[in-house]
Amino acid sequence: EDIKRRDLYDGAPLLAQGWNKGQVAICGDAAHPMMPNLGQGGCQATEDGYRLAEELSTVKHTKDIEGALSTYYKKRIPRTTIIQIMAQLGSDLLVDFDKMMTIPLVGPFFLTM
């Protein structure tokens, strides 16, 4: 009864779907859920907010909102994808070290540490 179950979930980067539909966009964990190993979830959400503000500040007319949100996605997706993948690798390493050792470049790297 002292053991608490706390499930953690992440997801694959939303490369094909994008983060906006019309004038509505997602950000933070909705756009890029990641494992907490790197402590980057909140940081990435904050960066999303900053980038959204920057892109929306260029909007002069409501018809420009969709384009600004698409630009927000295009500027954020490379960084968040890399961080999502790194967080997932870190989680996999903690959960199953033997599995990580079978990855061609990663396994030998950890052997030298």
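Residues numbered from 1 in each chain as written. Predicted model: local features only at pLDDT ≥ 70, side-chain atom pairs only at ≥ 80, totals over all residues. Heavy atoms only, no water.

Asks: Is there a simple way to think about the overall build of the chain in this case?
Replies: When its secondary structure is counted, the chain shows four helices and two strands. Ordered by position from the N terminus, the helices and strands of the chain form the series β-β-α-α-α-α. Split into buried and exposed, the 113 residues of the chain put 26% on the buried side. Taking all contacts inside the chain whose residues are at least 6 apart in sequence as the whole, residues at least 24 apart take part in 61%. For the chain, the exposed surface amounts to about 7900 Å²; the carbon and sulfur share of it is 61%. (Helix = DSSP H or I, 4+ residues; strand = E, 2+ residues; numbered from the N terminus. Buried < 20%, exposed > 50% of the residue type's maximum accessible area, 1.4 Å probe, protein only. Contact = heavy atoms within 4.5 Å. Areas by Shrake-Rupley, 256 points an atom, 1.4 Å probe, with all protein chains shown as cover.)

Asks: What should I look at first to understand the packing of aromatic side chains in this one?
Replies: Aromatic rings in a pair are described by how distant their centres are and how their planes are angled relative to each other. A full pass over the atoms with the stated rule returns two aromatic pairs. Feature note: the residues Trp 19, Tyr 72 and Tyr 73 constitute an aromatic cluster, connected by ring pairs. (Phe/Tyr/Trp six-rings, centres within 6.5 Å; stacked < 30°, edge-to-face > 60°.)

Asks: Would you mind going over the nonpolar core with me for this structure?
Replies: Within soluble globular proteins, side chains that are nonpolar generally end up buried alongside one another. Core analysis: the biggest nonpolar cluster contains eight residues, these being Trp 19, Ala 31, Leu 52, Ile 65, Leu 69, Tyr 72, Tyr 73 and Ile 77. Broken down by element, this core gets its largest block of residues, five residues, from helix H2 (residues 65-95). Setting aside residues no more than four positions away along its own chain, Ile 65 makes contact with Gln 23, Leu 56 and Val 59. (Core = buried A, V, L, I, M, F, W, Y, C linked by side-chain atoms within 4.5 Å.)

Asks: Mind showing me how you'd approach a nonpolar patch on the surface here?
Replies: A contiguous nonpolar patch, built from Leu 38, Ile 82 and Met 86 and spanning about 290 Å² of accessible area, is present on the exposed surface. Here Ile 82 lies in helix H2. (Patch = residues over 30% accessible without salt bridge, like charges linked within 9 Å, V, L, I, M, F, W, Y side chains within 5 Å. Salt bridge = Lys/Arg side-chain N within 4 Å of Asp/Glu carboxyl O.)

Asks: Honestly, the confidence of the model for the chain in this entry has me stumped. Any pointers?
Replies: Close inspection of predicted coordinates is inappropriate for parts of the model with low pLDDT. Per-residue pLDDT for the chain has a mean of 85; in total, 85% of the residues score no lower than 70. At the low end of the mean pLDDT range in the chain sits helix H4 (residues 106-111), at 57; at the high end sits strand S2 (residues 24-25), at 96. (pLDDT = per-residue confidence, 0-100.)

Asks: Sorry if this is basic, but what is going on with the side chain of Thr 81 here?
Replies: Tracing the backbone shows Thr 81 in helix H2. Residue classification places Thr 81 among the buried positions, given a relative accessible area of 12%. Non-local contacts of Thr 81, meaning those with residues more than four positions away in its chain, are made with Pro 13 and Leu 15.

Asks: Hey, could you run me through the pattern of salt bridges in this one?
Replies: Where charged atoms of side chains with opposite charge meet at close range, the side chains can pair. By the definition in use, this model includes six salt bridges. The partner of Glu 55 in a salt bridge is Lys 75, and the shortest N-O contact between them spans 3.1 Å. Of this pair, Glu 55 sits in helix H1 (residues 41-56) while Lys 75 sits in helix H2, and the two are 20 residues apart along the sequence. Among the salt bridges present, the one from Lys 63 reaches Asp 64, with a minimum N-O distance of 3.4 Å. Here the salt bridges do not stand alone but share partners, grouping Glu 47, Asp 48, Arg 76 and Arg 79 into one network.

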